[in-house]
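# Structural overview for review
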Amino acid sequence: MDLILSSLKVSNVSEVTQSKEGVAESKGNAKVVKEMMLVRVVDSKERDEEVEQQKYFQLKDTSGGPKYSVETGRRDGRSSDSSAAVNLPVADDSVSVLKNKFLEKGLSDKDLVLLTGAHTIGTTACFFVTGRLYDPSGPDPTINPTFLPELKSRCPKGGQNNVRLSLDHDSDQTFDTSLYSNIRDGFGVIKSDAVLYSDPSTRGIIDEYIASSTSMVGPVFEQDFAESMVRMGRLGEGSAGEIRRASLIYLSIAMYYDHLKQLSPETLK
């Protein structure tokens, strides 16, 4: 079944910056015009046929990551609800909160460690780090003393919140287990990574992957990571929502429209 949906196209978008206090600011005006967009909604029968025929996208990370199959047929909701975001892991979660959030979704402590391993690639912002550095009671004691000056230099108190930091210190371009070694040695950049070594269960899993990276025995991080990614991709399966052919285009425009409204309602008049 094909549906014609009224959507929004944004042009002449204003520059969006971030103040030192971490508050988003909008400069200039944004011109918003309505246009029509065709979105194809695939019925459940076609979805079942796709899964049965195992029509997968094959992905391989260019930095040496594992190759694994991503199942198609994910369903999108027909409305967005920001309150659902409270169930997502955040950078300052404690290890007990992280474990509970994963458990509520049917994911194990091992999945928590494996999916955190995705931080072996990429960066974060000072906004998510400064709380560990400038707490009134002192810096996070789990930070290696030799690493603390570097973090403070990159993220000075009152500095720019959007400065980028490698999540995997000195190895953010290679898919490997160095993130786990960094967590063990006090070089974890964000709290939600660092706290994994404070819990006996997650610490044991981290140590296993560190040990197996230099031997021929033990768990294989790349293989286990891929399997955990597939498990996470199956969350929320059911009959609710819809399967779209052009979901990326529609959702990105709708989300950006909502973002503009939050920044400055005047831009949409």
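Residues numbered from 1 in each chain as written. Predicted model: local features only at pLDDT ≥ 70, side-chain atom pairs only at ≥ 80, totals over all residues. Heavy atoms only, no water.

## Section: the packing of aromatic side chains
This is how the line gets drawn: The pairing test for Phe, Tyr and Trp rings, Trp by its six-membered ring, is centres within 6.5 Å, and the orientation test on the planes gives stacked under 30 degrees, edge-to-face over 60, and tilted for anything in between. Runs of H or I in DSSP of at least four residues are treated as helices and runs of E of at least two as strands, each being numbered from the N terminus. Under the scheme applied here, a residue whose accessible area is under 20% of the maximum for its type counts as buried, over 50% as exposed, and between as partly exposed, the area being computed with a 1.4 Å probe on protein chains only.
In this structure the tally under the stated criterion is eight aromatic pairs. Where F175 meets F221, the ring centres are 5.2 Å apart and the plane angle is 15°; that geometry is what we call stacked. Of this pair, F175 sits in the loop between strand 8 (164-166) and helix 6 (178-184) while F221 sits in helix 9 (residues 221-233); the two residues are 46 residues apart in sequence, bridging distant segments of the chain. What makes F175 buried here is its relative accessible area of 8%. Their ring planes at 50° and their centres at 6.0 Å tell us that F221 and F225 sit as a pair that is tilted.

## Concerning the pattern of salt bridges
Two side chains carrying opposite charge are able to pair once their charged atoms lie near each other. In plain terms, the rule: We define a salt bridge as a contact between a side-chain nitrogen of Lys or Arg and a carboxyl oxygen of Asp or Glu at a distance within 4 Å.
Inspection of the entire model under this criterion finds seven salt bridges. In this structure, K110 engages D224 in a salt bridge whose closest nitrogen and oxygen atoms are separated by 3.6 Å. One end of the pair, K110, is in helix 3 (residues 109-116); the other, D224, is in helix 9, and 114 residues separate them in sequence. The shortest N-O distance in the salt bridge between D185 and R184 comes to 2.9 Å. D185 sits in the partly exposed class, given a relative accessible area of 35%. Connected via shared salt-bridge partners are K99, D109 and D199.

## Things to note about the state of the cysteines
Note the cut-off: Working definition: a disulfide is two cysteine sulfur atoms within 2.5 Å of each other.
Within this structure, the stated rule accounts for one disulfide. Each sulfur of the disulfide joining C126 and C155 lies 2.0 Å from the other. Between C126 and C155, the disulfide has an S-S torsion of -75° and is therefore left-handed. Of the two residues, C126 is situated in the loop between strand 7 (123-125) and helix 4 (130-133) and C155 in the loop between helix 5 (148-154) and strand 8; the sequence distance between them amounts to 29 residues. Since its relative accessible area comes to 1%, C155 is described here as buried.

## Some points on helix 8 (residues 200-212)
Here is the rule: Helix span, expected: 1.5 Å multiplied by one less than the number of residues in the helix. Here, two residues are considered to be in contact whenever any of their heavy atoms come within 4.5 Å of each other. In protein, a polar contact means a hydrogen-donor-capable atom and an acceptor-capable atom, both N or O and within 3.5 Å, with residues adjacent in sequence counting only if both atoms are side-chain atoms; elsewhere, any N or O pair within 3.5 Å suffices.
With 13 residues, helix 8 extends 18 Å between its outermost C-alpha atoms, agreeing within 8% with the 18 Å of an ideal straight helix rising 1.5 Å per residue. Against the buried residues of helix 8 lie helix 2 (95-104), helix 3, helix 6 and helix 9. With a side-chain oxygen lying 3.0 Å from the backbone nitrogen of S201, the N-terminal cap of helix 8 falls on D199.

## Structural notes on the nonpolar core
Side chains that are nonpolar tend, in soluble globular proteins, to be buried together. Applicable threshold: The nonpolar core is taken to be a set of buried Ala, Val, Leu, Ile, Met, Phe, Trp, Tyr and Cys residues, with the residues joined through side-chain atoms within 4.5 Å.
Of all hydrophobic cores here, the largest spans 20 residues; its most connected members are Y180, L196, I206, Y209 and F221. Contributing elements (two or more residues each) for this core: helix 2, helix 3, helix 6, helix 8 and helix 9. Aside from chain neighbours lying at most four places away, what touches Y209 is K110, L114, T177, Y180, P219, V220, F221 and D224. Of all hydrophobic cores here, the second largest spans 14 residues; its members include A91, L148, L165 and V189.

## Thoughts on the packing of helix 3 against helix 9
For the record, the criterion: Every axis corresponds to a line fitted to the C-alpha atoms, with the helix fit spanning only the stretch in contact, and the corresponding angles, defined between N-to-C directions, vary from 0 to 180 degrees. Reported orientations rely on four angle classes, namely roughly parallel under 35 degrees, roughly antiparallel over 145, roughly perpendicular from 65 to 115, and oblique for the rest. The classification used treats Ala, Val, Leu, Ile, Met, Phe, Trp, Tyr, Cys and Pro as nonpolar, Asp, Glu, Lys and Arg as charged, and all other residues, Gly among them, as polar.
For the pair helix 3 and helix 9, interaxial distance at closest approach is 9 Å and the crossing angle is 105°. Comparing their axes, helix 9 and helix 3 come out roughly perpendicular. Between helix 3, through K110, D111, L114 and L115, and helix 9, the contact on the second element is made entirely by F221, D224, F225, S228, M229, R231 and M232. Within the contact of helix 3 with helix 9, the residues separate by chemical class into six nonpolar, one polar and four charged.

## Comments concerning the confidence of the model for the protein chain
Heads up, the rule is: In predicted models, pLDDT denotes the confidence assigned by the predictor to each residue on a 0 to 100 scale.
Averaged over every residue, the pLDDT of the protein chain is 75; residues scoring 70 or more account for 65%. Note on residues 1-59: pLDDT under 50 across the span, and 119 contacts to partners over four residues away in sequence or across chains.

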